Structures are given as C-alpha cells and as structure tokens.
Amino acid sequence: MASWLGGLGSGLGQSLGQVGGSLSSLTGQISSFTKDILLEGAEEVGDAATELHVSNSRFREIESINAAQKSENERLKKVCSDLEEKHEAAELQIKQLSVEYRNQLQQKEVEISHLKARQNALQEQLQKLQTAAQSAQLGGGVSQPATTSASFAPVVRHSSGFEGDDMDFGDIIWSQQEINRLSNEVSRLESEVDHWKQIAQSSKVQGANDAEQSEICKLQNIIKELKQNLSQEIDEHQHELSVLQDAHRQKLIEISRRHREELSEYEERIEELENQLQQDGVSTDAMVDSKISEQEKTAQNLEGGKADNLQMIKDLEDEIRKLNQKLSSTKEENKILLKEQELLKVEKIQLTQELESLKSDFSMLQSSVAEQGALLKEQKSQSKTPLPEDVVSLQQALLEAEREIARLSSLSQADNPVYMAEDVQAFTLDLQVLKEENLKLRNEKEELEKELLNAQCKNENIISAYTEDQNSELRQLKQDLERKEHELNESIAERETLIAELEELDKQNQEATQHMITLKEKLSRQHIETDGITKQLKFDIDVERKKVAKLEMEKMETIKELDTQKEKLSQCSYALNDLHISKQQLQDNVRNLQEQLKKAQDCNLHNKIEIRELQQRLKEREEELSLSLSKLTENIEQASSHSSQDLILKEKEAEIVKLQNKQLENKQLNEDLEKSLSDLKTENGKLVAAFEELKQELNDTISEKNKVCLEKDTVVEALKLEKRHLETELSQAEKQLFEQAHKYEQTIEELSNARSMDTTALQLEHERLVKLNQEKDFKIAELKRGMEQMEVDHQETKEMLTTSLGGQKQLTELIKEKEEFIERLKNQASQVKQELEEHREVSRKQDVLKQNLEEKDKSLAIMKEENNHLKEEIERFKDQQSRATPVVEPKTLDIIIELESEVTQLKVIKNNLEEEIEVHKKTIEDQNQKTVQLQQSLQEQRKEIDESKFQCEQMNVTHERLSLEKDEEIKNLQKTIEQIKTQLHKERQVIQTDSTDLFQETKVQTLNGENGNEKHDLSKAEIERLVKGIKEREMEIKLLNEKNFSLSQQIDQLSKDEVGKLTRIIQEKDLEIQALSARVSSASYRQDVLGLQQQLQAYVMEREQVLAVLSEKTRENSQLKTEYHKIMDMVAAKEAALVRLQEENQKLSNRFENSSQDMFRETIQNLSRIIREKDIEIDALSQKCQTLLTVLQTSSTGTDNGSGGVNSNQFEELLQERDKLKQQVKKMEEWKQQVITTVQNMQHESAHLQEELQKLQAQISVESDSNSKLQVDYNGLIQSYEQNEKKLRSFSQELAQVQHTIGQLHNTKDLLLGKLDLVTPSVTMASIISQPSVVQSSTPEVLSDESKLLQKELEQLKKKLQEKDSTIRTLQENNQRLSDSVATASEFERRSQEETDSEMRQIREKHDVLQKSLREKDILIKSKSDQLLSVSENLSNKENENELLKQAVTNLKERNLILEMDIRKLKEENEKIVVRCREKETEFRALQETNMQFSMMLKEKEFESHSMKEKALAFEKLLKEKEQGKTGELNQLLNEVKSMQEKAAIFQQERDQVMVALKQKQMESSALQNEIQHLHEKEQRLNQELERLRNHLIEMEDSYTREALAAEDRETKLRKKVSVLEEKLVSSSTAVENASHQANLQVESLQDQLNLVSKQRDETVLQLAISQDQVKQYALSLTNLQMVLEQFQQEEKAMYSAELEKHQKETAEWKKKAQNLEEKVASLQENLEEANAALDAASRLTEQLDVKEEQIEELKREGEIRREMLEDVQNKLMNLINSTEGKVDKLLMRNLFIGHFHTPKNKRNEVLRLMGSILGMKKEELDQLLCEDQRGVTRWVTGWLGGGTGSKSVPSTPLRPTHQTGFNSSFSELFVKFLETESCPSLPPPKLSVHDMKPLGAAGTGKTSSTPSSSQIPDSGVSGISRRPDANPFLAPRSAAVPLITPASTSGHLLMKPISDALPTFTPLPVSPDASAGAVLKDLLKQ
C-alpha cells in the first residue's frame, strides 16, 4: 500500500513540480510587468512623439513575452498528456495492489486482536505477581508510588494541548519521554517476572508446603514490622497536626494585629492626602491667575519685539539641539532606571517578607509569653502590648513622611530632564530607609522581648510608670510627625510653585515653536517630539492619579473588611462569653452532682451505722424477750408488763420497717446511677460500632478503587503499545515521502537544466534520458512492491502461526476447565473433611461431658444418702416430739430465727435452681438447632458424594475393559449380595414400623409402670426383629445419653450447692439439739412448751409449702420428659436417613467383600446375644419405673390427706427413687457405650468415607500444625487490630492520593485517545480509498464509552468519599469535643474528690476512734455472714466469667476456622498461579521458537532483497549501456523479471503453507503426547486405590473381631456392677436404722441446749443495760461532732464570702475598663465617620480637579489654535492696513453723495460732517467750509468727485436686497441700516484682557461651539451672528477697532469665553497654617 501511495505521489509530484516551475516563471514575468507599468507611471514624458516611441517598444516587449508564454503553454500540454498516461498506468497498478492490501489488512487486524488478547493476559499475570511482590518485598512498595507519580506528572501539562488537530513539538517530546519511561517500566516488570519464575521453579524443586509455610512466616513478620512502622508514622502525623493547628492559630492572631497596624497607617495617610488636597486647591487658583497674567505679558512682548524673536529663535535652535542630546541621554538613563526600579521593587518585596517574618516571630514570642503568664500576668500584658504596636505604627508613619519629603525635594530640583537620575537616588534612599527600618524593627523586637521579661517580674506600679513613659514617647513622636507633616506641606507648596514655573516655561517654548513653524520645519518636528514626550509624562501622571484612586478604593474596601472583622470579633467574643457561661453552668451542675453524691455517701454510711445499731438492738431485744418469757412463766399475774413489752416490740418493728424503706430508697438511688452509667456505656459502644462500620466501608471503597486502577493501567498500557506501533508506522511513511520528494526535486532540477539548453536535439535527448530515468524509478518501485509482497507473505505466515496458537489456546482452555472441575471436587472433599472434623470435635466434647456426668452422679448419690439420714433423724425427732407434746416442747426463739433464715436461704437456692434450669433449657434448644444444621450439611454432603460417585463411575468405564476377569467374580458376588439386600429391605421396612411401636411401648412403660411384665414374653421373632433394628435403637440411645448428660450436668450443679448448704444446716442443727437437750433438763422446759408447740405448727405449714414446691418440681420433671420424648421422635426420623447412608455403605463394601458371609453370621450371633441382655436390662428398668410411680401416687395422696402428718417414709421413698434413677442412668451409660461400639463398627463398614479419611489425615496433620501456628499468631493479630485502626487514617490519605492519580489517569487516557483519533485517520485513509467495504475498528468508540462509564463511576466514588470524609471529620470533631469535655470533667472530679477525700479522712479518723470498740464486737458477729456472702458472690462471678470465657473460646474457634478457610483459598490460588506460570512458560517457549523461525525467514528475505538489489543495479548498468535503440530488449527482460517474481511468490506461498501444516502437525503430536501421559498417570492412581481398598478390607475384618471380644468383656463388667449395687442397697437399709437411733440421741441433746439458752438470756439483759449507756455516750459524741462540723461550715462560708468580695471588686474594675474601652470605641467610630466623610469630600474634590485639569488641557490646545489663527489674521490685517490706508469706499461715497441731495436742506450739514469725518478731515476745516457760501460746497463736491477718479475704491460692503431698492427712504434710515450692516464684524475681534472678562461668579449664557467655521476667518464680508452695540468701528481707535486678540464670541472656543456656570468655581479660602486638614474639609463640606 505504501509503495503504491509512493508511486502515485511521485507521479503527481513530478507533474506538480513542472507546473510549479512554469507558474513561478509566470509570476516572475507578471511582477516585472507590473513594475514596468509602475515605472511608466513614474516617468514624465514631455512630448507626444517620445510617448509613442516608448509605447511601441513596450508593445514589442509584450508580444515577445506572449510568444514565450504560448511556447510554454504547449510544453505544459505535452507534460499533461504524459501525466495522464502515467495516471492510467497507476490506476491499473492500484487496482491490483488494492486487492492484495485488503487481504493483508484483514490479516493484520486479526494479528492485532490476538496480540491484544495476549497482552491483556500477560498484564493481568504481571499485576497478580506485583501484588504478591508488594506483600513480600518492602522495596516494591516504595518504588511503585514513585513510578506512578512520574508517569502522571507530565500529563497535567498537556491536558489542554489537544483541542485542535495539530500536535505541538512539546507534545512530541513529552510522548517520546513517556515512551522511554514506559519501556523502562516494561523492562523492570520483565525482570520481576523472571525473578518470580525462578522462585516458582525453585519452589517446584523444594517441598511445596515447607516453602509456603516459610514464605507465610516471612510475610507475617514483614506485615508486623510494617504495621509497627505505620503506627509510629500515624502518631508522628497526629503530633504534626496538633503543632500545625497551634501555628495556624498564632498566624491568625498575627494577621489581625497587622490589619490593625495597616488601618492606623491608612488613617494617617488619609490625613496627609487631605492636607495635600487643600494645598493643591490653593495652588491651582494661584496658578490660573498667574497663567492669565503671563499670557497677557507674552502677548504684549510678541507685539513689541519681533527682532528679539529672531534672536530668540537662533538661541532656541541651539537649546533644542542641546535638549535633543539631553533627551537621548535621558532616554538611556530612563531605561537603566526602570531596570533598577524593578530590582528595587524585588528587594522591597523581599524586605517586606523579612519584615512580616520578623513580625510573626515577634507575635509568636508574645503569644508564648502570654501563655506562660497566669491570669494576672495576662491582665498586665493586655495593658502593655498595644503600646509598642502604636510606637511601631508611628515610626512607620514618620519614615513614610521623611520619604515623601525627600521625594518632593528631589522633584523641586527637577527643572530639567535630569530629575530622573535624582529619582534613582531617591529610590536608593528608600532602600536604605527600608534597611534601617528592618534593623530598627529587629532591635525593637529584641528590646520588646527584654521588656516583656522584665514586665513579668515587675508589679503593676512599674507597668503604670512604663505606660506613662511610653505615652510621653508617643507625644514626642506625634509632635515629630506634625512637624514633619508641616515640612511636607511646605515642600509640597514649593513643588507646586516649581511645577507652575515649569509649565510657564513649557508655554513659552510652545509659543516660540509655533512662531518657528513658518520659518523652519526641522524645529517643528523636534517640537512635536518634545510634545509627544510631555504627553507621555502627562499620561504617566494620569496613570499615577488613577493608581492613587484605586489605592483609595482599596483603602475603603479594607475599612469595610475591618468593620466586618470587628463584627466577627464581637460575635466571637459573645460566643466565648456564652461558652464561659455554659462552662460555669456545667461546673455548677457537676458540683451539685458531687454534693449529691457526697450526701448519698454520707446517707449510706449513716444507714449502715444505723443498721448495725439496729441489729445490735434487735439482739438485745431478743435477749430481753427471752428474759420476759421466763418471767411470764414464773409470774403469769404480771400481764401488764408483758403487754408493755409487746408495745415496745411493735415500736421496734415499726422502726425496722422504716429503716428497711430507707435502705430500699438508697438502693433505688444506686440503681439509677448504675442505669445512667450503663446508658453512657451503650452510647460509647454505638459510636465505636459506627466507627468500625465506617472503617469497613472505607476498606471496601479502597479495594474497589484498586480494582479500577488496575483495569485502567491495563487499558493505558495497551493504548501506549498501539501508539508506539502507529508512531513507528508514521515515521516510516514520513521517510518514504521525504525520499520521494527528494527524487521529485532532482527530476525537476534536471528538467529545468534541460530547458535551459539551446539546441533542440540536446533537449530531445535529455528528455528521453529523463523518461528512461523515470521508467527506471518505476521499475525500482515495482521491485520494492515485490519486497513488500514478500513481507506480506511473511505476515501471512505469522497469521497462520497465530491461528495455530489459537487452536492450542482452545486445547489449553479445555484442559483448564477439566482442572477446574477436579479442583471443585477437591474443594468438596475438603469441605467434607472439615465437617467430619467438626463431628469428631462434637463427639470428643460429648465424651468429656459424659465423664463429668458420671462424677456428678456419684457425688449426688453420696449427698442423697447423707440427706436421707438427716431426714430420718428429723422425722424420728418429730415423732418423739409429737409423742412428748403434753410433757416437753424444747423449742426457743433462737431456733425460730435460725429456721426462718434457713427457709429464706432455701428459697434463694430454689430461685437459683430455677434459673439454672432455664439456662439448661436454652442450651438444649441451641443443641437442637445445631443438630438441624448438621443434618442439612449431611444432606448436602450426600448430594456431593453422589455426584463424585457418578463422575468416578464414568472414569472407571475406561478401566473396566482391563479388569474383565475380575468383573466375572464380582458379578457372582453381586448376585448373592442382591438377594441378601432384598431380604434386608423387606425386614427393615417391617422393623421400622415395629421399632417405633416398641419404643413407644417402652416409653409408656416408664411413665405408667403397669405393663411391666410384658417384656418377659418376648418371642424369638421379636428378637430377630431387634437384631435388624438395633441400629435405630443405638441412635436413640445416643440421643438419650446426650439428654441424660445435659440433665446430669444440671443435677450436679444443683447438688453441689445443696450439699454445702445442707452440711452447714446439719452442723447448726447439731448445736441447737445440744442446747435443747441441756435446756430440757432445766425447770423452765415446761414453760416453753406452749411456745414451741406454736412454732411447731408454723413449721408444719412451712413443710406443706415445701411439699407443694416439690410437687411443682415433679410437674416440671414430667414436662421435661414429654419434651424428651418429642426429641426422641425427631431422632427416629434422623435415624431413618442414617439407615439409607448405611445401606449405601454396605453396597460399596459388598463390591470388595469376597469372604464377608461368614463374618455376617458371626456378627448376627453376637448382636442377638447383646439384644437379649438389653431386654433383661429393659425389664429391670420397667419394674423400677413402676415402683417409682407407686411411690409418687402414695406421696401425692399423703400430701392431700395429711394436714401435718408427713412421715419419714415419704422421704425414704424419694431417696429410693433417686437411687433407682442413678442405677438406671448408669445402665443407660453402659448401654450407650455398647451402642457407640456398634456405631463404630458401622462406620468401619463405609469404605469410601474411610478412604477419604485416610487421604485427608495427612493433610489434617499438616493443617493442625498450621492451626497451632495460627493460634500463636492470633494473639499477634489481636494486637495488630489496633494498629490497623490507625492504618485506616493513613489509608484515607492514600485514598485522596489515589483519587488524584485516577484523575491523572483519566487525563492520560483522554490524551492517548485524542492521539489515537489523530493517528488512526492517517492510517486508515488508504484502506478507505482502496476498500470501502473494510470495517473500521471501533476500539476508540468502545474506549470512549468505557471512559464515560468509568468517569461516572469515579464521580460517584468521589461523592461517596466526600460524604464519608465529611462524616469522619464530624465524628473526629465530636470525639475531640467529647475527649476535651471528659478530660475537663475528670480533672474537676479529681480535684473535688481529693478535697472531699481529705475532709472525709479527717472525719473518718475521728469516727474510727469512736467506733473501734463497736467494730470489735460487730466484726465478730458479721465475719461469718460476710464470708458467706463473699463466697456466694465469688461463685456467681466465677460462673459469669466461665460463661464469658466460653463465649470467647467459641469466637476464637470461629475466627480460627475463618482463617483456615482463607489459608486454603490462598493455597489454591497459589497453585492456580503456578499452573498458569507453567502454561505461560510453555507459550513463551513456543513463541521463542516461532520468533527464531521468523528471524530465519527474515534473514532469507534480506538475502533475497540483496540479490534483487544487485539485479536492479545490473539492469541499470545494462540500461545505461543500451540506452540508444534497446528499449525492446529491456521490456523483454522486465517481463522475464516479472514472471520470475510471480513464480517466486507462488513458491513462497507454497512453502509457507507447508510450514504451517508442519507446525500444526507438531502441535497435534505434542497434545497427543500430553494426553498419553495423563492416561498413564490415571492408571497408576487407580492401581494405588485398588491396593488401598484391599488393605482397608483386611483392617475392617480385624476390627470386627476385636469389637466382639470387647463387648463380651463389657458384659462381665456390667454383671459385677449389678452385684455391687445390690450390696449397696443392703448397706443403705442398715444406715437408715442407725440414723433413727441418732435422732433419738439428738432430741436429748436439744433439751440440754434449752437450759443453756435460758442462762444466756439472763446475761444478754445485763449487756442491754450496758449497751444503752454506750448509746447515750455515742449521742453526746455525735452532738460534739455536729458542733465541730457547724464551725467548719461557718469558716468555709467566711472564706467563700471573702473570695466573693474579691471577685466582685475585680468584676467592677473590669466593668470600668470595659466602659472606658467602649467610650474609646465610640470616639474612634466618630473619628472614623468623620474620616469617611472627609474621604468622600476628598474623592469629590479629586474628581472635580480631574475635570478641571482636562478642561485646562483642552483650553491650552484651543489657545494654541487661536494663536495660529491670530498670527494669520494679524498678517492679513497688516496687509489690509497697508493696502487700505488712504482709500475710501466708492459705493459709500456715492450713497453719501446721493443721500446729501435726498436729505432736507436743514440736515445736509450733518451729512457733510459725516463725509468729512470719513475722509479724515478736522472739525475746524469742516466748520470753515460750512460757514462759507454755496460755492465752497460745490467746489468741495467737484474736487471730491475729481479726486475720486484717481483713487482706488475701498472694497465695498455688499448691500442686502432691501438696501438696493431703498433709494426713496431718507438718509438717516439708510445710515441706520448701513450701521447695522457694518456693526457686525467680519472677523470676531479677540479679546484676552482681564478687565473685559466676566467675573468668576457671573453666569455665561452663550452656547459654545468647539470649532470655528472656515468662512469666518478669510472673508471679511460675511456678517456675524451676534451684535455688539457698545463697540463702534468708526469711532473706536485702531487698537480697539483692529485688536490683536480676538474676543470671546459665541462662535469661539470655550476657553476664550469668560468662566461660565458650566464650570464649578471655588472661592479661595484663607487657610491658617495651624489648622488641620480635617477642619478644612469640614468647612468645605458645609459650604
């Protein structure tokens, strides 16, 4: 395609070159022709003949040119025809080539698509490897961000570069740089890939597991290190953040301070400007007056001295030359100065920056000092700090004033243009001043620091003295400022006078130059230049004024900003006050709460003390009661005293009730406090949870972003590769075009040379040679095309290779799918293994629980025996009591109290037991749920196993061919097995129905106990059924055992508590019995009998209640049993499912069992024996159940009938029931063990499961090791969790960076897309021209769509991120606030607690001294009760801790499982990666081989191309030798060459096809070899499995025999246990008898105890009296304490009042200060308002000044115009005067003459006088003439007429049409009209005198016109517009009639008129030098 384009281009280029040459010649001729014509016009020809001659010569030249053009035209036509022929030939070639190129294009597109796919795959692999590398290597993590930043840095630069279609040079450079960078990246990545390949290979050689584990360990260590580093970095970042925040606050303070300083400077500047304005106003008025006077003088001078002007002109010429020289020098100096000015500005900026830094340092020091000082020091610093600031501001103002004075002084010296140099000096001075300022400021800073340090040490007196000193300094500075301002004002006045003089000089110069215009043109040019310079200067001044105005505007804005900032400050202060108030309120609340807490604590203490006292009193009262009872028995008559004691008792009881109420209230308060605490905790928890959720979301977003980044990276890399390809293609195309252009240029040059030759023969030869050359070029092009065709063939071979590779890829994909399928199976197997492990763990736990149950059962049995003994003794005792009721009743008050306490304890125990039962119920429910879940998982596993079996069967089909001999034997076995199976199925169906019925029957028997003897009549048929249904039974037994285990746990927990309590009770009861026995012997026994009988009745009632509770418990037990039965039903259903599984297992086992029938018979016999034994046990259990039921019925009837007659028989029966139940449980456990053995046998039968287990055991051992490691690492992970939380913050920062990088990626992608769009049209143009049918690649469109989608996603992510960032910020702020508030609260609480603790300690020390004696007694009493409570609390706490630990253990296990799953997944992924790497390596090798082949092909092609080139050279030589008349031979040779080329192409195609076929064959052979290897491996595996199965069968048989022997041993053990139990029964009966005997003994001991108790009562009465005395002493001590407390409170109040007064004084002082400050603020505001008003006035004045200045400039311009007009008019007037002197107007004289005759005779004298006056005659002569007679007149008339002829007439004023026909009217009327016409002046006379002008206040009414009409200046005859009645041209003198200066008429300019109302005028105000600028401004404003 490229060659075709080249050929076409060459043909076109040649033709265009020829055309271009002809066109260039044409254009040259035309240009010469136009030049000649123009020159013709320039030439001036004198004669017509010469003109004709010239025109003829030109005509001939044109004809010759025309002939040349015609010849050229013909030549071009020939060229055109040649080109057309070439074009046709090219078209034919194009058609041929287009077909070839279409094919090539299609092939290339296919190649590109394949390459892209492969590239994407490689990139994905690379990314995966990189991610692995990042985790493994620290270096990787550091290098990657650098590269990304490097790659994205230049993108931002050229984001706007691609708006158009053109590419910049910079973009090309950048793209080249990017290409280099990307190539470096690619090389780096390739090196990484090689590294990873090496690692993979090494890992293959080594053990996979060991390497992985070592790598994991390394990675974990690295991760830990990284986490530690991260945590450190995060801490550092947080520290930096806090520092930055502090710095920010300090900066804010500095800025506000600077703002204030700037404001003060601005205010001072405003005052200075006001002063300047006033002085300017005065000076301008003076200027105007001076200018007017000067102009008058100059006018007079001009009139007077013309000769002086000439001399002046010469002098001025010299001066102008000098000025020009000076101007040039000044211009150069100006440039230098400007440069210096810029440098100075830069230095100034630097100095200002230094100043600001110094100020910031100073402010930092101030803030640090302020922070160090306490509140008092802050107060001092507040009064002190503003003073140095004022000093600084005043000094700055002074320095500015000095600068301005220096500048003005420099300006005053600037009479000549050398003032620029002085300005430079001023700049240097400014620089020096700034430097001095800097030094001063530094010095001041140091001084201020010292002063501040001194100020901290000094007292308030020193501060006041210091302030006075500073005030004095301030005053001095202010005086200096005023003085400087005064000097400034003077200098400004001097400057203005100098400026006025300068302006006068300028005016003189301008007037002189205006006069010189007429004389010399050079001078006028120079003058124009000077004018231009002056205008520039004026423009500069205007610019400066505008700048001043802008500065003023900025100042106004700054003032506004200041106001807003002040408002903000005030708002902030308000907010601060509010915060302070709220803080105080909170502190008050905290104090109140603390006080309440103290009160509550005090109340608690008081309550405790009171409770102790009350307890003591109670005891005392009890002792008193016992005494009173004894007295009652002795003295029955004293009933009154007894009643009084009863009353006292009631009062005491009431007191006790009150105390209890108080206690309850205290408890409620405590509970409320606890609730509030818990609420706070829950809130905290919620916040933490929210934070964790946010973290999770952040992690999710980060992961998503990473994925997006990876995808984008791949896209970008693909685009970059495409871009490189396109660029290379472009560069090649450009080279080709360049070469072709070069060739065309050579041909054009040769043609031009040929044309220049003279002879036609030479031309023809040359043209022929050129044609031959062109033909050779075409041949070369054709040869090149052949080369390209060869390349195309080469590419076709490549495509063939790619197609073969595609086929290989499909095969690899199929292999991958198969491998994935295998991996899935493996995963399923691993899941099955996990579930098996879980089941094993469950079974282990169950074993442990069973052991615990057994132990607890034993302990329970012991407890029950002890309990029974006790109960028997109690019952015997009761019987004895009931017998001896009339005689003896040995019960006392102490026993009643103890029994009540015991009852309460029992109730508490009952409640605890109920709670425990509920907990156990919950655990049972949880276990049920777990069983359901396990069943579901089992079902899923079964399905998976079925699928795996199906697949295995399919695989086994291939191997069945080899094992046909074995199949025959297996078939025989299968037939026998199938028969057995059919029998088994039938029997099982029967058993399933019967077994359930049997189970139900057993349940009924256990409940009712009536059908006990039915099991004895079991027939043989039933036994056979049981043999088959034993498996279901065993499952049921298992579940029952589990339930029993759970129940036994509950019972154990209950029994332990009960045993401890019962032992204590027994000990107490023993003591009581001893006491009673002692008392029975005493005489007081009979008296107490009645009381004891009453107590006995109460106890009977309590016992009835206890029995009722027992009955409730029995009901609950029955309910539990019903639930248990329900669960059993559920279990039956599950057992059915198990049966199916077992059947499947049997099927599998039957396949490989050859000699299993004998084993079956033996097992059946063993099972039948076991079943018989089980039946016997079941009968025994049913009998026991019946006995239990009878006992229950009897007990229930007994409770219903007997009101208080519960005997010891009931208790004995209950004990017996308990023993029987224990025995049953033991039997059930034994049965359970047997069942377990049978289940294990069944498990051994399942062959497939065992095989899988054996496979998995190895893996499990490895995984258990890893699990242990993981458990060790788990602790580390918990620690790292906190570090991860810190990491999250850093990740949020990284997220922001990622967003930035994503944005950059987008830019790069857009750029690349743009470039692709630019590049793709150039590439695809050829394909569009040649083949419109070819479908264009739609990659850019897809990419653009993808980019849009990605952008949308990015935007959404950004929004989410922003929202999350905002939420995180808010949370962080809230956390900070909470932490701050908590910190403050905690500090406050600590202080308050410390204070209260100190107070409490003092009180406690006093209190302890008083209460030591009490405590010693109380401690003895309460130690035992406290111990009991503490033990119970410890127990409850330990139980809670156990539960928490259990939960923690479960959580840890779950986490472990999750971690194991993750590890497995990672391992699987690693394996997949390794497999992929191997595949890639194979692909890479294949590609290397293909590359080698391609390189060989290329070398061959290069060799061929060399040979072709050599042939081409030979042909060229032949052509050169045989150029003349050998074209025919050449054509023949060419045809031969073409045919040879075609043959070569055909051969090449054939060779390529053969090569492709060979490669395909090789690929197929390699694939077949791989398949063969796979098959061999499968055969080996299957053989191994067969061997394993055989071994397994042998093991199974061994296990069966062992288990049978074990079962026999167990039977013997059980029998032994039964015998032992019987012996125990006998021993228990004997024990019961012993217990009854002991009870009798105890009754006797109780009677003795009664006597002792009566003695103790007497002693307690005495103790009561003593204790009452002690109580009185305590009351006295309490009153003393209260007094001390009151005194203490008074002292505190006094302290508080003193502090309050201090605070009030301080607040009063602060208020005063605030009022002063407010007054100052008000005054400042007033000043500000005045300043603002003054500013407004100043702005108005400046505007008016600007207007005036503009008007003055306009007036000056018009003045110059008027001067020019004046000079012209003066010249004309002078001429007129010279010409018209002595002439009279002819027409005038004629009119006068005629008028003389028309007038009456009386008035003719007047006419004659007029005529005389016109002729210039004197009055005396006229009078003489008139006095003479008529003759004189006639003479005069005749003489006048005679004289008129000789004289020239004055130019007459033309009359109007009315005048011409007005001869009839009188002379006076005519004269009046004449005067009217003549009074209007032809030229408006200029008048510039001060006296003729109107005053300043006069109102001008005339309308102004900017330019005078042209007709008014030259013509005298034209009449004016306005009239001047007071000016008479006839009567006025010459100076008045013909004035030099024109007066201000209506047609004149504005400046020439008097000042009208249009301009605003100000009367000059006399200003005193002492008056301030502000006062003047106020006066102005009032006016």
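Residues numbered from 1 in each chain as written. Predicted model: local features only at pLDDT ≥ 70, side-chain atom pairs only at ≥ 80, totals over all residues. Heavy atoms only, no water.

A. The nonpolar core, seen in detail. Formed by I1037, L1039, L1040, Y1124, I1127, M1128, V1131, I1178, M1228, W1231, V1235 and V1239, the largest nonpolar core amounts to 12 residues. Listed by contribution, the elements that provide at least two residues to this core are α17 (1030-1080), α18 (1085-1152) and α20 (1208-1245). Residues within four places of V1239 in sequence aside, it is in contact with E1034 and K1038. (Core = buried A, V, L, I, M, F, W, Y, C linked by side-chain atoms within 4.5 Å. Buried < 20%, exposed > 50% of the residue type's maximum accessible area, 1.4 Å probe, protein only. Helix = DSSP H or I, 4+ residues; strand = E, 2+ residues; numbered from the N terminus. Contact = heavy atoms within 4.5 Å.)

B. Spotlight on a negative patch on the surface. Side chains of D82, E84, E85, E88, E91 and E767 sit close together on the surface and give a patch of like negative charge. Take the negative patch: its biggest share by element is five residues, from helix α2 (residues 48-136). (Patch = residues over 30% accessible without salt bridge, like charges linked within 9 Å, V, L, I, M, F, W, Y side chains within 5 Å. Areas by Shrake-Rupley, 256 points an atom, 1.4 Å probe, with all protein chains shown as cover. Salt bridge = Lys/Arg side-chain N within 4 Å of Asp/Glu carboxyl O. Lys, Arg positive; Asp, Glu negative; His and termini not counted. Charge placed at Lys NZ, Arg CZ, Asp CG, Glu CD.)

C. A look at the confidence of the model for the protein. A residue-level look at the protein finds 77% of positions with pLDDT of 70 or above and a mean pLDDT of 77. A low-confidence stretch, residues 139-166 (pLDDT under 50), is modelled with 31 contacts involving residues beyond four sequence positions or located in other chains. Scored below 50 in pLDDT, residues 993-1018 shows 36 contacts in the model against residues more than four places distant or in partner chains. (pLDDT = per-residue confidence, 0-100.)

D. Up close: the environment of N275. Along the chain, the position of N275 falls in helix α5 (residues 208-304). Remark: the alpha-carbon pair of N275 and E485, spanning 210 residues in sequence, is separated by 8.9 Å.

E. Quick peek at the packing of helix α24 (residues 1786-1798) against helix α25 (residues 1804-1815). Running from N to C, α24 and α25 point in directions that differ by 165°, and their axes come no closer than 9 Å. In terms of their interaxial angle, α24 and α25 are classed as roughly antiparallel. Crossing handedness for the pair α24 and α25: left-handed. In contact with L1788, M1789, L1792, F1793, H1796 and F1797 of α24, α25 contributes R1804, V1807, L1808, M1811, I1814 and L1815. Split into classes, the residues belonging to the contact of α24 with α25 amount to 10 nonpolar, one polar and one charged. (Axes fitted to C-alpha atoms, helices over the stretch in contact; angles between N-to-C directions. Parallel < 35°, antiparallel > 145°, perpendicular 65-115°, else oblique. Left-handed = near helix turned anticlockwise from the far one by under 90°. Nonpolar A, V, L, I, M, F, W, Y, C, P; charged D, E, K, R; others polar.)

F. View of a nonpolar patch on the surface. Taken together, the side chains of L811, L814 and I815 present a nonpolar region at the surface, about 250 Å² in accessible area. Along the chain, the position of L811 falls in helix α13 (residues 760-883). Taking the relative accessible area as the measure of exposure, L811 reaches 41% and is therefore partly exposed.

G. Quick look at the packing of aromatic side chains. For the structure on display, the rule yields one aromatic pair. Centroid distance F1793 to F1797: 4.8 Å. Interplanar angle 80°. Geometry classified as edge-to-face. With a gap of four residues between them, F1793 and F1797 both fall in helix α24, about one helical turn apart. The exposure class assigned to F1793 is partly exposed, which follows from its relative accessible area of 21%. Judged by its relative accessible area of 47%, F1797 is partly exposed. Taking NZ or CZ as reference, K197 lies 4.8 Å from the ring centre of F1484, over its face. (Phe/Tyr/Trp six-rings, centres within 6.5 Å; stacked < 30°, edge-to-face > 60°. Lys NZ or Arg CZ within 6 Å of the ring centre and 35° of its normal.)

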